Amino acid sequence: MKSATGLTGSGSRDWFVQRISAVVLAAYTVVVFGWILLNGGFNYEQWYGFMMTVPMKIMSLLAVLSLVAHAWIGMWQVFTDYVTTRQMGPSASGLRLVLTSAVIIAVFAYAIWAIQIFWAN
């Protein structure tokens with residue numbers, strides 16, 4: 001029987017994707033906080049102008065997609081490690097399916113919402 005894995009079908013690829021996504025999220029955080037520190041006392045128009053530039057739209061899209069991948073892999077690992085039949089009995093498989101489905105729906109909805117925010121203008 002082939003074991004189901006997180007996002008890519010391979011534990012080592014999932015590990016790599018999670019590390020790359022963490023780097024993207026860290027870089028995005030540094031850019032945003034750097035802009036805030038350099039532009040203290042900014043108003044809505046300045047913030048909107050910064051966030052709606054093409055480079056920030058692209059970086060925000062990459063950050064959202066990285067967050068989706070990072071969250072999915074992390075939650076999949078938590079569910080497979082801690083929602084087990086040994087700990088919870090036969091109902092663990094059903095609970096794991098419900099939890100996994102909820103995470104998939106949530107990250108997909110958040111990704112679509114973020115894409116709309118940045119690219120619908």
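Cut-offs applied
- Residues numbered from 1 in each chain as written.
- Predicted model: local features only at pLDDT ≥ 70, side-chain atom pairs only at ≥ 80, totals over all residues.
- Heavy atoms only, no water.
- Patch = residues over 30% accessible without salt bridge, like charges linked within 9 Å, V, L, I, M, F, W, Y side chains within 5 Å.
- Areas by Shrake-Rupley, 256 points an atom, 1.4 Å probe, with all protein chains shown as cover.
- Salt bridge = Lys/Arg side-chain N within 4 Å of Asp/Glu carboxyl O.
- Helix = DSSP H or I, 4+ residues; strand = E, 2+ residues; numbered from the N terminus.
- Core = buried A, V, L, I, M, F, W, Y, C linked by side-chain atoms within 4.5 Å.
- Buried < 20%, exposed > 50% of the residue type's maximum accessible area, 1.4 Å probe, protein only.
- Contact = heavy atoms within 4.5 Å.
- UniProt positions renumbered as here; feature names shortened; annotations may be inferred.
- Axes fitted to C-alpha atoms, helices over the stretch in contact; angles between N-to-C directions.
- Parallel < 35°, antiparallel > 145°, perpendicular 65-115°, else oblique.
- Left-handed = near helix turned anticlockwise from the far one by under 90°.
- Expected span 1.5 Å × (residues − 1).

**Remarks on a nonpolar patch on the surface**
- A cluster of nonpolar side chains, V54, I58, L62, L65, F108, I112, I115 and W119, forms an exposed patch at the surface whose accessible area comes to about 740 Å².
- For the nonpolar patch, the elements supplying multiple residues, two or more each, are α3 (54-82) and α5 (92-119).
- Here L62 is to be found in helix α3.

**As for the nonpolar core**
- Ranked by size, the top nonpolar core spans nine residues in total: Y28, V32, W35, F50, M51, M52, M56, A63 and F118.
- Ranked by residue count, the leading element in this core is helix α1 (residues 11-38), at three residues.
- In contact with W35, other than residues within four places in its own chain, are F42, Q46, W47 and F50.

**Some remarks on the UniProt feature "transmembrane region" (unreviewed entry) in the protein**
- Sequence positions flagged by UniProt for "transmembrane region" (unreviewed entry) are, in local numbering, residues 20-38, 58-76 and 97-119.
- Counting secondary structure, residues 58-76 comes out at 100% helix and 0% strand; the distance between its end C-alpha atoms is 27 Å.

**A word on the packing of α1 against helix α2 (residues 44-51)**
- Contact geometry for α1 and α2: axes closest at 12 Å, N-to-C directions at 150°. On the basis of their axis angle, the class for α1 and α2 is roughly antiparallel. Between α1 and α2 the crossing geometry is right-handed. Residue-level contacts link Y28, V31, V32, W35 and I36 of α1 to Q46, W47, F50 and M51 of α2.

**Here's the deal with α3**
- For α3, with 29 residues, the first-to-last C-alpha span of 42 Å sits near the 42 Å given by 1.5 Å per residue.
- Taken together, the buried positions of α3 are M56, K57, S60, A63, V64, S66, A69, W72, I73, G74, W76 and F79.
- Elements in contact with the buried residues of α3: α1, α2 and α5.

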